[in-house]
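Results of the structural survey
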Amino acid sequence: AVGERAYARLGCALCHSIGGRGNPASPLDGVGARLDRQALYELTTGTGAAAEVLGPALARRKARAVNDPDMDELIDYLAQQLEQEPWAARLPVSH
């Protein structure tokens, strides 16, 4: 509910997809099974260890979400993405 709305409001689907909705280049299906909450937070906000992996431009773009009032709910929403869609396994992984 709130986390899913934050995902939409922050424009996450411009670069990512969940359940086949959004940009299929970087699916987030199953991300909750692969990453802990800290890693999800860092990748969502472009902070911590993720800042180096993402590169400066993407990290700056994601950093705008750091103070979002619904960040905890967004991380909850991402952590709940435990199942990888069958079609997602066939997509190339982009970094």
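Everything discussed here concerns the structure shown above.
Sequence order as written defines the numbering, with residues in each chain counted from 1. The predicted origin of the model limits local features to residues at a pLDDT of at least 70 and limits the giving and counting of side-chain atom pairs to 80 or more, whereas totals for whole chains, interfaces and linings rest on all residues. The side-chain numbers reported here are obtained from all heavy atoms of the structure, hydrogens and water having been left aside.

1. What about the overall build of the protein chain?
Each helix and strand in the protein chain was counted, giving six helices and two strands. Each helix is a run of H or I in the DSSP string that is no shorter than four residues. Each strand is a run of E no shorter than two, and both are numbered from the N terminus. When its helices and strands are written in sequence order, the protein chain yields α-β-β-α-α-α-α-α. Burial status across the protein chain gives 34% buried among its 95 residues. Only heavy atoms matter for contacts: two residues are in contact if any of them lie within 4.5 Å across the pair. Partitioning the intrachain contacts of the protein chain with sequence separation of at least 6 by distance along the chain shows that 58% fall at a separation of at least 24. A total of about 5,900 Å² of accessible surface is found on the protein chain, and carbon and sulfur atoms cover 56% of it. For the exposure calls, accessible area comes from a 1.4 Å probe over protein chains only, and a residue counts as buried if that area is under 20% of its type's maximum, exposed if over 50%, partly exposed in between. Values of accessible area rely on a 1.4 Å probe in the Shrake-Rupley scheme; residue burial ignores everything except the protein chains shown.

2. Describing helix α1 (residues 2-9)
Buried within α1 we find Gly-3, Ala-6 and Tyr-7. The arc enclosing the buried residues of α1, seen along the axis, measures out at 105°, which places them on a common side. Those residues of α1 that are exposed and angled more than 90 degrees off the buried face are Arg-5 and Ala-8. Those residues of α1 that are buried are in contact with β1 (17-18) and α6 (71-79). Taken from the residues just after α1, Gly-11 is the one with a positive phi, measuring 75°. The reported arc concerns the directions from the helix axis to the C-beta atoms and nothing else.

3. As for the pattern of salt bridges
For this analysis, a salt bridge means a side-chain nitrogen from Lys or Arg found within 4 Å of a carboxyl oxygen belonging to Asp or Glu. Tallied over the full model, the rule gives four salt bridges. The shortest N-O distance in the salt bridge between Glu-4 and Arg-21 comes to 3.5 Å. With a gap of 17 residues between them, Glu-4 in helix α1 and Arg-21 in strand β2 (residues 21-22) connect regions that are remote in the sequence. Residue Glu-4 is classed as partly exposed on the basis of its relative accessible area of 34%. Owing to a relative accessible area of 56%, Arg-21 belongs among the exposed residues under this scheme. The salt bridge involving Arg-37 is made with Asp-76; its shortest N-O contact spans 2.6 Å. Separated by 39 residues along the polypeptide, Arg-37 in helix α3 (residues 37-45) and Asp-76 in helix α6 bring together distant segments of the chain. Residues joined in a network through salt bridges with shared partners are Arg-9, Asp-68 and Asp-70.

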